[in-house]
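As a plain string of letters, each chain reads:
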Amino acid sequence: MDKKDLKIVFFGTPEFAVASLSALIEGGYNVAAVVTMPDKPAGRGKHLSQSDVKRYALEVGLPVLQPERLKDETFLSELRAIEADLFIVIAFRMLPEAVWQMPRLGTFNLHGSLLPRYRGAAPINWAVINGDRETGVTTFFLKHEIDTGDVIDRCRMPIADDEDAGSVHDRMMALGAQLTVSTVDRILAGNLTATPQSELSGNEQPTPAPKIFKDTCHIDWNHPAADIRNLIRGLSPAPAAWSLLRADGVEAGTLKLFASALTDKPATEPGRVRIINGCLYVDCADHQLEILSLQAPGKRRMPTADFLRGCRFNEMQLY
C-alpha cells in the first residue's frame, strides 16, 4: 500500500503533537481527519481558545472532530464513516476500546519516555526531576491499561545537566515527529513485530509519571541541593517550582523558581536566604543553592539580579 492510500486519523491536542502531525502532512501521508479537545474558555474574557492541533489542522485544511465524550455514538459513527486504516494518538486523553480497536491496522501512541519507564501523564518532567541522564520516545500499540501496549520502536536522547523540562520537551518533540513517520513507514511495509514491554525492561520495573499537581511543585528545603535543583529544572518553565516567602517576619507571597546552580557553600538552616555580592543563595539540607531566575508575586519572570535590585527586605526565609 502507498502512503497516500493509507487513511490516517490523528488524535492530539498540544504543541507537542503538532510536530508529528506536520511531519505527516509534509511527508505526503493521507491524514483524513484530526480529533482534538473541544475549545475551552481562556483568559479574562473567557473567549474560546482552540488547541494547537486544531489551529494547525485548520491552516492545512484538515477536517476536525471535537467530541465532548469519546463514547458518544454520534462521534463513533462519524469516526467509522471515515473508514481509516490507522489511528495515531499523541498527547491526547485515554481512548475507550470502542475507538482504539476501530482501524484495521490498529492504533499507536507516541509517548515521551523509554517505556516501560515513566508511564503516565508527565514523563518529561519526572525524568528531569529524578536527575536522569537519558530519555527518549516510544511508539506502541494501545491496549486496555495506559502506556502498557507492545512497543513498535524507541529512540534515545540524552538529557544535559543544564537542561530543563522545556528544552527537553522541544528536542523530544522533533525526535518524536521523526519516530512517528518511521513507525507509519514500518506499518506500511508490513514487516512489523511489536515487542511486549516486559521483554524490553530486563530487571527494571515499570515506573510511574503521574500528573503534576501544585503540591508536587512545592520545594522542601530540607532535601539535598542537587535534588531541589532537579525539581526546579523538571518543572521549568511551567508549572514551575515554588516556595512561600517570609520577609522581615511577614508573609510576602509565593516565589516561583526557574533556574538554579549548585554550590559547595555549607548550609546551616534549610530555607534561609543569603544575599552575597549580588547573588541569592538558599540553604538546603547539605549546601546552599544559588537561585538564578525567579518570579516574585505580581511580577514577571526575571533574573535574580533584577529581583535583588528592587528588593528592600533585610531578612528572607523560604518554606
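All values reported here derive from a predicted model rather than from experimental measurement.

Q: Give a description of the overall build of the chain that names residues and reports values.
A: Each helix and strand counted, the chain has eight helices and 16 strands in total. The C-alpha extent of the chain, read off along each of the three principal axes, is 70 × 50 × 30 Å. Of the accessible surface of the chain, which amounts to about 15500 Å², a share of 50% is contributed by carbon and sulfur atoms. Counting 35 positive and 40 negative side-chain charges, the chain places the centres of these two groups 4 Å from one another.

Q: So what about the pairing of strand β6 (residues 86-90)? Which residues, and what values?
A: For β6, a buried count of five out of five residues is recorded, marking the element as mostly surrounded by other parts of the structure. In β6, alternate side chains face the same way, and those of Leu 86, Ile 88 and Ile 90 on one face and Phe 87 and Val 89 on the other are all buried. Direction of pairing for strand β1 (residues 7-12) relative to β6: parallel, over a ladder of five bridges. Among the inter-strand pairings, Val 9 is bridged to a residue of β6, identified as Phe 87. Here four bridges tie β6 to strand β7 (residues 107-111), and the two strands are oriented parallel to one another. Pairing of Val 89 across the sheet is with Asn 109, part of β7.

Q: Could you give an account of the side chain of Ser 113, naming the residues involved and the relevant values?
A: Note that Ser 113 resides in the loop between β7 and α5 (123-129). Of the residues examined, Ser 113 reaches a relative accessible area of 1% and is grouped as buried. When sequence neighbours within four positions are dropped, the list of residues in contact with Ser 113 reads Tyr 118, Pro 123, Thr 135, Gly 136, Val 137 and Thr 138.

Q: Break down the nonpolar core for me, with residues and values.
A: Judged by nonpolar contacts, the single largest core of 71 residues is most densely connected at Phe 10, Ile 88, Val 184, Trp 221 and Phe 307. The leading source of residues in this core is helix α6 (residues 165-189), at ten residues. The next biggest cluster of nonpolar side chains, apart from the first, holds 22 residues, and it includes Phe 11, Phe 75, Phe 92 and Val 99.

Q: I'd like to hear about the packing of helix α1 (residues 15-26) against helix α2 (residues 52-59), residue by residue, with values.
A: Where α1 meets α2, the closest approach of the two axes is 8 Å, and the angle between their N-to-C directions is 25°. When the axes of α1 and α2 are compared, the pair comes out roughly parallel. Crossing handedness for the pair α1 and α2: right-handed. Side by side, α1 and α2 meet where Glu 15, Ala 17, Val 18, Leu 21, Ser 22 and Ile 25 of the first sit next to Asp 52, Val 53 and Tyr 56 of the second. Across the contact of α1 with α2, the residue classes tally to six nonpolar, one polar and two charged.

Q: Quick rundown of the sheet that holds strand β9 (residues 151-158)? Include the residues and the values.
A: Pairing in this open sheet of seven strands is mixed, and the strands run β5-β2-β1-β6-β7-β8-β9 from one edge to the other. Unpaired on one side and paired on the other, β5 (64-65) and β9 mark the two borders of the sheet. When β7 meets strand β8 (residues 134-141), the two strands line up antiparallel, connected through four bridges. Considered in β8, the bridge of Asn 109 is made with Phe 140. Packed on one face of the sheet, α6 meets β1, β6, β7, β8 and β9 and runs near 150° to β9.

Q: Which residues make up the packing of α1 against α6, and what are the values?
A: Following both chains from N to C, one finds α1 and α6 inclined at 40°, their axes separated by 8 Å at the closest point. Here α1 is positioned oblique relative to α6, judged by the angle of their axes. Crossing geometry of α1 relative to α6 is assigned as right-handed. Between α1 and α6, the residues in contact are Glu 15, Phe 16, Ala 19, Ser 20, Ala 23 and Leu 24 and His 169, Met 172, Met 173, Gly 176, Ala 177, Thr 180, Val 181 and Val 184, respectively. Along the lines of polarity and charge, the residues of the contact of α1 with α6 split into nine nonpolar, four polar and one charged.

So, how was this worked out
- Residues numbered from 1 in each chain as written.
- Predicted model: local features only at pLDDT ≥ 70, side-chain atom pairs only at ≥ 80, totals over all residues.
- Heavy atoms only, no water.
- Helix = DSSP H or I, 4+ residues; strand = E, 2+ residues; numbered from the N terminus.
- Areas by Shrake-Rupley, 256 points an atom, 1.4 Å probe, with all protein chains shown as cover.
- Lys, Arg positive; Asp, Glu negative; His and termini not counted.
- Charge placed at Lys NZ, Arg CZ, Asp CG, Glu CD.
- Buried < 20%, exposed > 50% of the residue type's maximum accessible area, 1.4 Å probe, protein only.
- Pairing = 2+ DSSP bridges.
- Contact = heavy atoms within 4.5 Å.
- Core = buried A, V, L, I, M, F, W, Y, C linked by side-chain atoms within 4.5 Å.
- Axes fitted to C-alpha atoms, helices over the stretch in contact; angles between N-to-C directions.
- Parallel < 35°, antiparallel > 145°, perpendicular 65-115°, else oblique.
- Left-handed = near helix turned anticlockwise from the far one by under 90°.
- Nonpolar A, V, L, I, M, F, W, Y, C, P; charged D, E, K, R; others polar.

From the geometry alone we can't say anything about function, so treat these as descriptive.
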